[in-house]
Amino acid sequence: MPHLLLVHIGPVQAFIAQARRTRDLWFGSHLLVELSRAAARALASIPGTKLIFPALDEKGELTGDIANKILAEVEQDPKTAAEAARTAVNKALRARWETLREKLSALLDPAAREAADEQIDTLVEFFAAYVPLSEDDYRGARERVEEELAARKTLRDFVPFERQRGGAHKSSLDGARETVLVGGEPRKETRKHPLFQQYRIGLREELDAIGLLKRAGGEPGQFVPLPTIGLAAYTTRARQTPQCQEPMRKLLEACRRLGFPQVRSKGRPWVEPFPFDAQIFLPDRWEPYFDDLGIPESPRAFGKQYIEPLHDLLGEPHPYVACLVADGDRMGAAIDSLESAEAHQRFSRKLSRLPEIAREIVERDHHGVVVYAGGDDVLAFVTIPDALACAKALREQFIALMDESLPGAAPRPTLSVGIGLGHVLESLGDLLALGREAEQAAKVERDSLALLVEMHTGARKAYIARFDADPLSILQKDIATLATLPMKKVHQVAAMLRRLPHREERLDDAAHWARLLRLDTSATLARSELGAGAAAPDPAALGLDLEGDDYARMHVAIEAWCGRMEVAAFLARAEPSVKKGEAR
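As the structure is a computational prediction, the values presented were derived from the model and not from experiment. Positions within a chain are numbered from 1, following the residues in the order the chain's sequence is written. Local features in this predicted model are restricted to residues whose pLDDT is 70 or higher, and side-chain atom pairs enter the listing and the counts only when it is 80 or higher, whereas totals over whole chains, interfaces and linings include all residues. The side-chain quantities take in all heavy atoms of the structure and omit both hydrogens and water.

1. Focus on the state of the cysteines
Cut-off, in case you're wondering: Any cysteine sulfur atom paired with another within 2.5 Å is treated as part of a disulfide. Note on classification: 1.4 Å probe, protein chains only; a residue is buried when its accessible area is under 20% of the maximum for its type, exposed when over 50%, partly exposed between these limits.
A complete count under the given rule lists zero disulfides for this structure. Note on Cys 244: no disulfide assigned, nearest cysteine sulfur contributed by Cys 255 at a separation of 15 Å. In this structure Cys 244 comes out as buried when scored by relative accessible area, which is 0%.

If you want it as structure tokens, here you go:
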């Protein structure tokens, strides 16, 4: 009897989040895709096995990023098939490591060789479950195998390290595994090999075998630094502004002369205006960046000569970036409606186009980089002025893809998008956590957009709305409103709200309090700070709902409006503009 086999490969979120540089993040994600592909290929090579998710294309090939969950129908012993997939995963990881170990032998402590091999061999979490598959009960079998896998994942295999040396420094990425890099003092001597600088491994940084695989798995220049993504709107504006042409030309010449590492644009035209790490536009990064690269010249003199002229024209950049996390809604219900393995296969083939679509939207049409796109998930970093339009385009294309992929009667999944907005110098793990927190907020009502702003000071602002409310237009209108409405007014309304009873408080005369709240809000907005002769703003025209006698509802609406205006003000600051008096 055939069986339905379900395989899960991990670790996922914690593994990807252990990153200090963009290349760590990207390659960690890429490695999981590579290992999942090895498992899928191994299963596909077994006679009588039919891959369902992912499915082979018409040419019999696996295309796009492969999710870490693989579903197959197997004719032969399912346990043997699962073991073959597991062996393929471990061999693929080993092959990657051995190639890298030979290439980077100058960086490795010879005494750590066995410890490094053990770290590689114990990395992968591999889970599998299988159930019999009858001809007329595909849907039931799929539900049962999902339940079996979930139960299996509650049991973990713990294997203690046996080859670690003890007393060695721990990895700077995960803080648990021992370093495999050469140590000793002075570090400027023990770590003077050019490969340390080429792969941006700091003098005091320690990497275990997994961390080194992430850092050096790709080629230098292949990865776009996070500040370059976050400041892409700024560098593009500098390239497009006539007054900035000459300062930009001199800056680019200086960067090349000093040997700053260059970034390859690779289908991302927005990298071309400044193909270097854009952290150099931030004055407090001049000295650390020069130290990191071992450049003997004065970083302050460099900044004054090449960066400050651009600051004089465009102001200092808004040093924040958007971590965009998108996830399909009700995918399980859509898949449950598929009656056969063949129908599920057809759906998988259509869904496999999502990574290509996501890369076109994020990297070609907007200023961003996709970290991961597979299944119904997208993880990307985008410059803030593009983030909302990018989210909207992803959602529209996802819905079109679902319409194309599912039969007419099947429920249609939607897409929820969370955008975490954080400082470009925050740790990548924190930015990922912020993006995922925003995604979870968007998933509450589904088919929603959630923006979560975390200032460098730790203060937070949020805005959540369903896509059918057109949040992009609402925020654009708010940004336009802020051209005439000072943020001071918004702060005054928020302060007034805090002085009144909380919305959950039981009130004897709620209608009276609602009238009072409406009058106080209108009066606060109408005060004279808007300038002599200025008309008092109409609350409704500002998007502020003060109708009705429901105090609690009005309280919620005003509080949400204040939060939304804070987010709009943050987005407005991210849009670079030529300083007054400099524009021609």
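2. Points about the environment of Arg 187
The cut-off we apply is this: Here a strand is any run of E in DSSP of at least two residues, a helix any run of H or I of at least four, and the numbering for each starts at the N terminus. Any two residues whose heavy atoms approach within 4.5 Å are treated as being in contact. We call two N or O atoms a polar contact when they sit within 3.5 Å, provided that within protein one can donate a hydrogen and the other can accept it, with sequence-adjacent residues counted only if both atoms are side-chain atoms.
In this structure, Arg 187 sits in helix 6 (residues 187-190). Its relative accessible area of 5% is what places Arg 187 among the buried residues. Ignoring sequence-local partners within four residues, the contact set of Arg 187 consists of His 169, Lys 192, Leu 203, Arg 204 and Glu 206. Polar contacts involving the side chain of Arg 187 include one to the main-chain carbonyl oxygen of Gly 184, which spans 3.0 Å.

3. A few points about the environment of Ser 522
Within the secondary structure layout, Ser 522 lies in helix 21 (residues 510-526). On the basis of relative accessibility, which here comes to 28%, the residue Ser 522 falls in the partly exposed class. With residues near it in sequence (within four places) discarded, Ser 522 still touches Pro 539 and Leu 546.

4. As for the nonpolar core
Short version of the rule: Grouping buried Ala, Val, Leu, Ile, Met, Phe, Trp, Tyr and Cys residues that are joined through side-chain atoms within 4.5 Å yields what is termed a nonpolar core.
Ranked by internal contacts, the top residues of the largest apolar core, which has 103 residues, are Phe 260, Phe 281 and Phe 302. For this core, the element with the highest residue contribution is helix 2 (residues 22-44), accounting for 10 residues. The contacts of Phe 302, once residues within four sequence positions are left out, are Leu 251, Ala 254, Cys 255, Leu 258, Phe 260, Ile 280, Phe 290 and Ile 307. One finds Met 331, Ile 361, Ala 373 and Cys 390 within the second-largest nonpolar core, a separate group that totals 71 residues.

5. Quick word on helix 3 (residues 78-103)
Here is the rule we go by: To estimate the expected span of a helix, count its residues, drop one, and scale the result by 1.5 Å.
The first and last C-alpha atoms of helix 3 sit 38 Å apart over 26 residues, in line with the 38 Å expected at 1.5 Å per residue. Of all the positions in helix 3, only Pro 78, Ala 81, Ala 82, Ala 85, Ala 88, Val 89, Leu 93, Trp 97, Leu 100 and Arg 101 are classed as buried. Along its buried surface, helix 3 packs onto strand 1 (3-10), helix 2, strand 3 (69-74), helix 4 (113-121), strand 4 (125-132) and helix 8 (209-216).

6. Concerning the pattern of salt bridges
What counts is decided by this rule: By definition here, a salt bridge exists when the distance from a side-chain nitrogen of Lys or Arg to a carboxyl oxygen of Asp or Glu is within 4 Å.
Per the stated rule, a full pass over the model turns up 47 salt bridges. Two residues, Asp 327 and Lys 443, come together in a salt bridge whose shortest N-O distance is 2.9 Å. Highlighted residues: Asp 327 in strand 5 (residues 320-329) and Lys 443 in helix 18 (residues 428-443), separated in sequence by 116 residues. The two residues Asp 327 and Lys 443 agree in class, both being buried. Asp 329 is paired through a salt bridge with Lys 443; the nearest N and O atoms lie 2.9 Å apart. Here the residue Asp 329 occupies a position in strand 5, and Lys 443 occupies one in helix 18, the gap between them amounting to 114 residues. Per residue, the accessibility class of Asp 329 equals that of Lys 443, and both read buried.

7. Re the packing of aromatic side chains
Threshold: Any pair of Phe, Tyr and Trp rings, taking the six-membered ring for Trp, is counted once the centres come within 6.5 Å. Such a pair is stacked with planes under 30 degrees apart, edge-to-face with planes over 60 apart, and tilted for the rest.
Per the stated rule, a full pass over the model turns up 13 aromatic pairs. Here Phe 260 and Phe 290 contribute two aromatic rings whose centre-to-centre distance is 5.9 Å and whose plane-to-plane angle is 85 degrees, an arrangement assigned as edge-to-face. Separated by 30 residues along the polypeptide, Phe 260 in the loop between helix 11 (245-257) and helix 12 (286-293) and Phe 290 in helix 12 bring together distant segments of the chain. In this pair, the class of Phe 260 matches that of Phe 290, namely buried. Measuring from ring centre to ring centre gives 4.9 Å for Phe 274 and Phe 281, while their planes differ by 65 degrees; the resulting arrangement is edge-to-face. A single burial state applies to Phe 274 and to Phe 281, both of which are buried. Aromatic rings pair up to connect Tyr 234, Phe 260, Phe 274, Phe 276, Phe 281, Tyr 289, Phe 290, Phe 302 and Tyr 306 into one cluster.

8. Notes on the sheet that holds strand 3
Rules: Note on pairing: two strands pair once DSSP finds at least 2 bridges between them. Here an axis means a line fitted to C-alpha atoms, over the contact stretch when the element is a helix, while the angle between two N-to-C directions is reported on a 0 to 180 degree scale.
Spatial strand order, 2-3-1-4: four strands in an open sheet with antiparallel pairing. Strands with a single pairing partner mark the edges of an open sheet, and in this sheet they are strand 2 (50-53) and strand 4. Between one strand and the next, the sheet's axes are offset by a mean angle of 25 degrees, whatever the strand orientation. Pairing geometry for strand 2 and strand 3, over three bridges, is antiparallel. What sits directly across from Phe 53, in strand 3, is Leu 71. Along the sheet, helix 2 contacts strand 1, strand 2 and strand 3; its crossing angle with strand 3, the most-contacted strand, is approximately 0 degrees. Sheet strands in contact with helix 15 (residues 341-351) are strand 2 and strand 3, and its direction is about 60 degrees off that of strand 2.

In short, geometric facts, not functional conclusions.
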